Amino acid sequence: MSIDLKLESYLSSLDKALGGIPVSDRADIITEIKSHVLVAKERDPSQTITSILSSLGEPETVANRYLIERGLKPGKAPKRPIVKWLTIGFLGTLGILVTGVICMVWFFSPLISIDEKNDRVRILGGMIDINGSEGSIRIGDKHISAMDDGDEAGENDNGFNSDRVFQGSAPTTNKKLQRISVSFKNGKVELEPTAKSEFRWKCRYKGDEPPAALADTGVAMDLDLTETKGVSCKLEMPKNILAQLRGSNGKIIVSKPIGPVEIEMNNGKVGFESGAQAYKYDVRVNNGASDSFESSTEADAIAVKITLNNGKIEKID
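Model, not experiment: these values are computed from the prediction.

(A) Expanded view of helix H2 (residues 23–43). The end-to-end C-alpha distance of H2, which contains 21 residues, comes to 30 Å, matching closely the 30 Å that a straight helix rising 1.5 Å per residue would cover. Residues of H2 that are buried include every one of Arg26, Ile29, Ile30, Ile33, Val37 and Ala40, and no others. Looking down the long axis of H2, one finds its buried residues gathered within 100° of arc, a one-sided arrangement. Seen from the open side of H2, the exposed residues pointing more than 90 degrees away from its buried face are Ser24, Asp28, Thr31, Glu42 and Arg43.

This is the structure we're talking about:
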């Protein structure tokens, strides 16, 4: 491209960017810029027209200075090539992500399927299948745990496999004790009230390693079953102590609690049976369904908080 063509292209772009300025003033500005470039080239022949124009800045940038001097609104600053390509790259990546999400939603639709008749919750198109009637959890092609109260031969009279049972009790007479927490990864947990002043648990598990012992800090008791495979536990909770249950996948059943309850679970089903006490409910399901729970207005109502990410919360009559 000749020197004249480079310069004329620049001046043409500058003229367009000066659009808010009267024609006569624009002509003066164009003449001034052209004269500046030619004089600079004449004084130092080693300079190229391109380098001189680069030192002035983009035509839009130069035009904005003249517009601002005249109290006019400047135009948009030009996008440099690197910004242009970064923008294109970002939009391209965003498009791929959006397309991927749409494909996943289409592939897994519906995200959550609840079969009331067969007591079944299917998540992500069946990737997670929680079957209440069979008492099982399946993730992908793998059965993670059985949740029923009976298994194969070798069970004791309480429905637990006698060679893999973890059980115990702990007194709760310590006046500082505020909560009892039980956490698990995959399985089933049943919570029942007891008139005794002790916390009792009895768990069947499928792994070879027994669960960790109950941790007692005086203020809290913690039963961590997150590293234990396929647990099925029955818990007895005394009065007026907060019961915290946390699980990743499975089923939790709470029957007639006589103390506050907090439940957090990612995928599965939560069943709640109210007792003679008054309850104040805080029930939330992010994806799925929940029965209606009516809170009591009594001052001494027992607090029940249930948070479920995917699945169903049902009222047991």
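Picking up after the structure, the text goes on.
(B) Representation of the packing of H2 against helix H3 (residues 49–56) in the model. Contact geometry for H2 and H3: axes closest at 10 Å, N-to-C directions at 130°. Classified by the angle their axes make, H2 and H3 are oblique. In this structure, H2 crosses over H3, and the sense of that crossing is right-handed. Along its contact with H2, which presents Ile33, His36, Val37, Ala40 and Lys41, the element H3 presents Ile49, Ile52, Leu53 and Leu56. Of the residues in the contact of H2 with H3, the class split is seven nonpolar, one polar and one charged.

(C) Expanded view of the environment of Thr194. Residue position: Thr194 is located in the loop between strand S7 (179–193) and strand S8 (198–204). Sequence separation between Thr194 and Lys239 is 45 residues, and the spatial gap between their C-alpha atoms is 7.3 Å. Every residue in contact with Thr194, bar those within four places of it in the chain, is listed here: Glu236, Met237, Pro238, Lys239 and Ile258. From its side chain, Thr194 meets the backbone nitrogen of Lys196 in a polar contact 3.2 Å long.

(D) A look at the environment of Asn240. Inspection of the secondary structure assignment puts Asn240 in the loop between strand S11 (231–237) and strand S12 (242–255). Assessed through its relative accessible area of 60%, Asn240 is described here as exposed. When the C-alpha positions of Asn240 and Gly259 are compared, they lie 4.2 Å apart, and in sequence the two are 19 residues distant. Among all residues touching Asn240, those that are not within four sequence positions of it are Ile258, Gly259 and Pro260.

(E) Spotlight on the nonpolar core. Formed by 37 residues in total, the largest nonpolar core has its most connected members in Leu225, Leu235 and Leu245. Residues in contact with Leu225, not counting those within four places in the same chain, are Phe166, Val182, Ser183, Phe184, Lys185, Cys203, Pro211, Val231 and Cys233.

(F) Layout of the packing of aromatic side chains. Scanning the model with the defined rule gives seven aromatic pairs in all. When the centroid spacing of 5.6 Å and the interplanar angle of 90° are considered together, the rings of Phe272 and Tyr281 count as edge-to-face. For the pair formed by Phe272 and Tyr281, the shared burial category is buried. Ring-pair connections join several aromatic residues into one group, and the members of that group are Phe272, Tyr279, Tyr281 and Phe293. Positioned over the ring face of Phe293 is Lys315, at 5.4 Å from the centre of the ring.

(G) Molecular detail of the pattern of salt bridges. For the structure shown, the criterion picks out ten salt bridges. The partner of Glu198 in a salt bridge is Arg200, with the nearest N and O atoms 3.3 Å apart. Classification of Arg200 as partly exposed rests on a relative accessible area of 33%. In this structure, the salt-bridge partner of Arg246 is Glu264, at a minimum N-O distance of 3.8 Å. Here Arg246 is found in strand S12, whereas its partner Glu264 is found in strand S13 (residues 261–273), with 18 residues between them in sequence. Since its relative accessible area comes to 42%, Glu264 is described here as partly exposed. Each of the salt bridges in this network shares a partner with another, and the network as a whole consists of Glu198, Arg200 and Glu236.

Conventions and cut-offs
The numbers attached to residues start from 1 for each chain and follow its sequence in the written order. This being a predicted model, a pLDDT of at least 70 is required before a residue's local features are given, and a value of 80 or more before pairs of side-chain atoms are given or counted; all residues contribute to the totals for chains, interfaces and linings. Hydrogens and waters are ignored; side-chain quantities use all the structure's heavy atoms. Think of it this way: any DSSP run of H or I at least four residues long counts as a helix, any run of E at least two long counts as a strand, and we number them from the N terminus. Working rule for helices: expected span equals 1.5 Å times residues minus one. A 1.4 Å probe rolled over the protein chains alone gives each residue an accessible area, and that area as a share of the maximum for its type sets the label: buried under 20%, exposed over 50%, partly exposed in between. The arc under discussion is defined with respect to the helix axis, by the directions toward the C-beta atoms. The angle between two axes is taken between their N-to-C directions and runs from 0 to 180 degrees, where each axis is a line fitted to C-alpha atoms and a helix contributes only its stretch in contact. Small angles under 35 degrees read as roughly parallel and large ones over 145 as roughly antiparallel, with 65 to 115 read as roughly perpendicular and the rest as oblique. Rotating anticlockwise by less than a right angle from the far helix to the near helix defines a left-handed crossing, while the corresponding clockwise rotation defines a right-handed one. Note on contacts: a residue pair is in contact if any heavy atoms of the two residues lie within 4.5 Å. Three categories are distinguished: nonpolar for Ala, Val, Leu, Ile, Met, Phe, Trp, Tyr, Cys and Pro, charged for Asp, Glu, Lys and Arg, and polar for the others, with Gly belonging to the last. Definition of a polar contact: a pair of N or O atoms within 3.5 Å, with one able to donate and the other able to accept a hydrogen when the atoms are protein atoms, and with sequence-neighbouring residues admitted only if both atoms are side-chain atoms. Side-chain atoms within 4.5 Å link the members of a nonpolar core, which is a set of buried Ala, Val, Leu, Ile, Met, Phe, Trp, Tyr and Cys residues. A pair of aromatic rings is counted whenever rings of Phe, Tyr or Trp (Trp by its six-membered ring) have centres within 6.5 Å, and the orientation is called stacked for planes under 30 degrees apart, edge-to-face for over 60 and tilted otherwise. Charge over a ring is defined by NZ of Lys or CZ of Arg lying within 6 Å of the ring centre and within 35 degrees of the ring normal. The term salt bridge refers to a side-chain nitrogen of Lys or Arg lying within 4 Å of a carboxyl oxygen of Asp or Glu.

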